[in-house]
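Single-letter residue listing:
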Amino acid sequence: MEPAETQRPERPASPTSPTSPISPTSNKTKEIFQRWDVHGTGVITRRRLQELLTAVAGKSVTEEEIERCIAEADKNGNGIIEYNEFIEWLQQPCGTVRLGSHGLEYFDLEACVRPLYDVYDQDGDGLVSMEEFIGCQSILQNSLGLKSKVSLEEQFKKEFGRPGTTSVPLLESEPKKTFLMVDSDKSRSISFKEFLEWQRKQLIAARTPSKELEELLPALARQLKRVFKFEEEEEMNACDGRVLQRIVDNLAKFCIEIWSEKEGAKQKAKPMLALTGKARHYTNRWSEPPVGLNTKKLKAKYLATESCMTSGRLSENMDLDLMVIPEVLDGDDENPRNRVWLGQIIQKVTMRDGKVRSDEPVYYEFISLSWSKTADAVFKFHRSYDAMPPELRFFSLLKAEADFGNKLTWSQIQRVFARCKSHGILTAAQHAEYNNAMELRVHKALKEEDLLTGLSTEEIKQKVQENLPAITQRPQDTMALLSDLDVFQVSSVWADFMTQ
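Numbering of residues starts from 1 in each chain and follows the order in which that chain's sequence is written. A pLDDT threshold of at least 70 governs which residues receive local features in this predicted model, and a stricter bar of 80 or more applies before side-chain atom pairs are shown or counted, although totals over entire chains, interfaces and linings include all residues. Here the side-chain values reflect all heavy atoms present in the structure, with hydrogen atoms and water set aside.

(A) Expanded view of the packing of aromatic side chains. The criterion for an aromatic pair is that two Phe, Tyr or Trp rings (for Trp, the six-membered ring) have centres within 6.5 Å, with stacked assigned to planes under 30 degrees apart, edge-to-face to planes over 60 apart and tilted to the rest. As enumerated under the stated definition, the model contains 19 aromatic pairs in all. Centre to centre, the rings of Phe-394 and Phe-488 are 5.7 Å apart; their planes meet at 50 degrees, and the pair counts as tilted. Taken together, the positions of Phe-394 in helix α15 (residues 390-401) and Phe-488 in the segment after α19 (475-484) put the pair 94 residues apart, joining distant regions of the chain. Classification of Phe-394 as buried rests on a relative accessible area of 0%. These aromatic residues form a ring-pair network of at least three members: Tyr-117, Tyr-120, Phe-133, Phe-179, Phe-192, Phe-195 and Trp-198. Any Lys NZ or Arg CZ found within 6 Å of a ring centre and within 35 degrees of that ring's normal is scored as a charge over the ring. The ring of Phe-192 is capped by Arg-114, whose NZ or CZ atom sits 3.8 Å from the centre of that ring. Its end group placed over the ring of Tyr-385, Arg-393 keeps NZ or CZ at 4.3 Å from the ring centre. Here a strand is any run of E in DSSP of at least two residues, a helix any run of H or I of at least four, and the numbering for each starts at the N terminus. Residue exposure (1.4 Å probe, protein chains only): buried if accessible area is under 20% of the type maximum, exposed if over 50%, otherwise partly exposed.

What follows is the structure, given as structure tokens:
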């Protein structure tokens, strides 16, 4: 039974008194507690806790959530939350309520864990089978031993002096044994509730701050999804292999950052994790474009409503600098049908005197299978563009030039490079490096076909130049060559667009 509101238990020691078990706290925390301790009793009752949760979460809370919060905070089991318990609760890993920069914040662990569960549930039937669980656990375990050069596992053994362990307890047991432990109702499948409770225990033990979990858990889920995406590919080239290695590296890093239990392990691991750079996960990522998305309709819309043609006596030619990108996702909904795509067009006119006049950019959204000029399009475009890594910006230009197909001519590729230089994505030297590499490839092919025998050096150069226009490439092939030239550093985010 809930204690009466007027009951006045013994007041706990002041947080600033010598007998207080915790250090002095800010006036902000005291004010928050007093706001919910309306009778000045030094405690928060169950009814006031329900009101607090409702206010912080912005929604009605269930009895289960209230019980969980009481279990988190009420350490002495008297059914109420005392001041010292309240302070400890706000500092507790995975606690439902935490102290943020603007006051109390609600931490939804279910929302953080759900993307990971959805990857484990590979067939999407709402349950994780033993086969699915073992597959995912094995990938995570193997990631600690597949790190290039020296395995992260070996580095951890050296760092922490714990032979035979990965320092990530969640991955120490055989996957089948772990499955049987998580499957608490012995149904031979794992429900989301069972998965969540398993993760809750592991994360509390790891003491990873909830602010980090909100970013790391969905990021880990994306890495796992990328591994399965690569498994669907029939053939892998050298660039694909490097992409997969980066995914594996990031998987290992995320596993360590999320689940490593040893006190100070994450701090000690920083120099080690920096061996290949900090695990990066960009806000904006590529996904499959929606059906009907093409650039012909966008160009036609622009020419019919916005284009300002210049007199032919003054102009030599007109070009539309076009970029189409996906809008940055808020949350973790990666369903392509739910995603807005954005377009930017800049009309560039080359005058007869050689000067280029660029008009102001015009912005569009792809809505209901058609392009529309909206008031928010410019803000959405720049927000999404700023959240994209340079290599994805370049790939977006390639796909737009190919009208979202998989074939680019030599002249189209050259136009993309020219636009990249104007957008500051690539330099003229990098463009020249790419062209030189392609010329060497053509030269090699002609030589293998014995088409250069007896030709002078100048004639060979001319022969190569004559054959360049016949080249066609997929956007992925262009990206692969640029990675070979170290123009772009391969990252796991490449998995999102290299199979498109």
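(B) The arrangement of the UniProt feature "domain: EF-hand" (unreviewed entry) in the protein in detail. UniProt positions are given in the numbering used here, feature names are shortened, and annotations may be inferred rather than shown by experiment. Per the UniProt record, the feature "domain: EF-hand" (unreviewed entry) sits at residues 61-96, 108-143 and 170-205. Across residues 61-96, the secondary structure splits into 56% helix and 6% strand, with the terminal C-alpha atoms separated by 12 Å. Across residues 108-143, the secondary structure splits into 72% helix and 6% strand, with the terminal C-alpha atoms separated by 28 Å.

(C) Spotlight on the pattern of salt bridges. By definition here, a salt bridge exists when the distance from a side-chain nitrogen of Lys or Arg to a carboxyl oxygen of Asp or Glu is within 4 Å. In this structure the tally under the stated criterion is 12 salt bridges. For the salt bridge of Glu-306 with Lys-373, the shortest nitrogen-to-oxygen distance reads 3.0 Å. Taken together, the positions of Glu-306 in the loop between α13 (295-305) and β7 (315-326) and Lys-373 in the loop between β11 (370-372) and α14 (377-386) put the pair 67 residues apart, joining distant regions of the chain. Of the residues examined, Glu-306 reaches a relative accessible area of 28% and is grouped as partly exposed. The partner of Arg-415 in a salt bridge is Glu-401, with the nearest N and O atoms 2.7 Å apart. Taken together, the residues Arg-415 in helix α16 (residues 410-423) and Glu-401 in helix α15 connect sequence positions 14 residues apart. Classification of Arg-415 by relative accessible area gives partly exposed; the value is 34%. Salt bridges sharing common partners tie together Asp-319, Glu-401, Arg-415 and Arg-419.

(D) Quick peek at helix α3 (residues 63-73). Those residues of α3 that sit buried are Glu-65, Ile-66, Arg-68, Cys-69, Ile-70, Glu-72 and Ala-73. Two residues qualify as a contact provided that any one of their heavy atoms is within 4.5 Å of a heavy atom in the partner residue. Buried residues along α3 sit in contact with α2 (46-57), β2 (81-82), α4 (83-91), β4 (103-106) and α9 (192-206).

(E) Inspection of the pairing of strand β8 (residues 341-351) at higher detail. Of all 11 residues in β8, 10 are buried, a share of seventy percent or more. The sheet contact formed by β8 and strand β9 (residues 356-358) spans 3 bridges and is antiparallel. Note that in β9 the partner of Lys-348 across the bridge is Ser-358. The antiparallel pairing of β8 with β9 creates a hairpin that spans 4 residues between the two strands, and Gly-354 there sits at a positive phi of about 95 degrees. Only when DSSP finds a minimum of two bridges between them are two strands counted as paired.

(F) Expanded view of α13. Taken together, the buried positions of α13 are Thr-295, Leu-298 and Tyr-302. Projected onto a plane normal to the axis of α13, the buried residues spread over an arc of 60 degrees and lie on a single side. Exposed side chains of α13 directed beyond 90 degrees from the buried face belong to Lys-296 and Ala-304. If you check the start of α13, you find a side-chain oxygen 3.2 Å away from the backbone N of Lys-296, and it comes from Asn-294. Think of it as the arc spanned by the lines of direction from the helix axis to the C-beta atoms. We call two N or O atoms a polar contact when they sit within 3.5 Å, provided that within protein one can donate a hydrogen and the other can accept it, with sequence-adjacent residues counted only if both atoms are side-chain atoms.

(G) Geometry of the packing of helix α6 (residues 130-143) against helix α11 (residues 238-259). Every axis corresponds to a line fitted to the C-alpha atoms, with the helix fit spanning only the stretch in contact, and the corresponding angles, defined between N-to-C directions, vary from 0 to 180 degrees. Two numbers describe how α6 lies on α11: the axes approach to 8 Å, and their chain directions differ by 95 degrees. One way to sum up the angle between α6 and α11 is to call them roughly perpendicular. Seen from α6, the contacting residues are Ile-139, Leu-140 and Ser-143; seen from α11, they are Val-248, Leu-251, Ala-252, Cys-255 and Trp-259. Classification convention: Asp, Glu, Lys, Arg as charged; Ala, Val, Leu, Ile, Met, Phe, Trp, Tyr, Cys, Pro as nonpolar; all other residues, Gly among them, as polar. By residue class, the composition of the contact of α6 with α11 is 7 nonpolar, 1 polar and no charged. The cut-offs work like this: below 35 degrees is roughly parallel, past 145 is roughly antiparallel, 65 to 115 is roughly perpendicular, and the gaps in between are oblique.

(H) Highlighting the packing of α6 against helix α8 (residues 175-182). Axis separation between α6 and α8 bottoms out at 9 Å; the angle between their running directions is 125 degrees. Judged on the interaxial angle alone, α8 and α6 are oblique. Once α6 is placed against α8, the crossing between them reads as right-handed. On α8, the residues touching Met-130, Phe-133, Ile-134, Gln-137, Ser-138 and Gln-141 of α6 are Pro-175, Lys-176, Thr-178, Phe-179, Leu-180 and Val-182. Here the contact of α6 with α8 is composed, by residue class, of 7 nonpolar, 4 polar and 1 charged. What makes a crossing left-handed is the near helix being turned counterclockwise from the far one by less than a right angle; a clockwise turn instead makes it right-handed.

(I) Quick look at unusual backbone geometry. Despite not being glycine, Asp-403 has its phi angle at roughly 55 degrees, a positive value. Position of Asp-403 among the secondary structure elements: in the loop between α15 and β12 (408-409).

(J) Focus on the environment of Leu-468. Looking at the secondary structure, you find Leu-468 in the loop between α18 (457-467) and β13 (472-473). For Leu-468, a relative accessible area of 3% translates into the label buried. In this structure, the C-alpha to C-alpha distance between Leu-468 and Glu-439, residues 29 residues apart in sequence, is 7.3 Å. Other than its neighbours up to four places away in sequence, Leu-468 contacts Trp-410, Met-438, Glu-439 and Val-442.

(K) Representation of the side chain of Arg-419 within the structure. Mapping Arg-419 onto the fold places it in helix α16. If we skip the residues at most four places from it in the chain, Arg-419 touches Asp-319, Leu-320, Asp-321, Leu-322 and Glu-401.

(L) Broad picture of the nonpolar core. Remark: nonpolar core denotes a set of buried residues (Ala, Val, Leu, Ile, Met, Phe, Trp, Tyr, Cys) joined through side-chain atoms within 4.5 Å. Counting residues in hydrophobic clusters, the biggest one holds 105 residues, and the most contacted among them are Trp-259, Phe-394 and Trp-494. For Trp-494, the residues in contact, after removing those within four places along its chain, are Cys-239, Val-243, Glu-391, Met-479, Ser-483, Phe-488 and Gln-489. Residues Ile-32, Ile-44, Ile-81 and Leu-104 belong to the second largest nonpolar core, which totals 20 residues.

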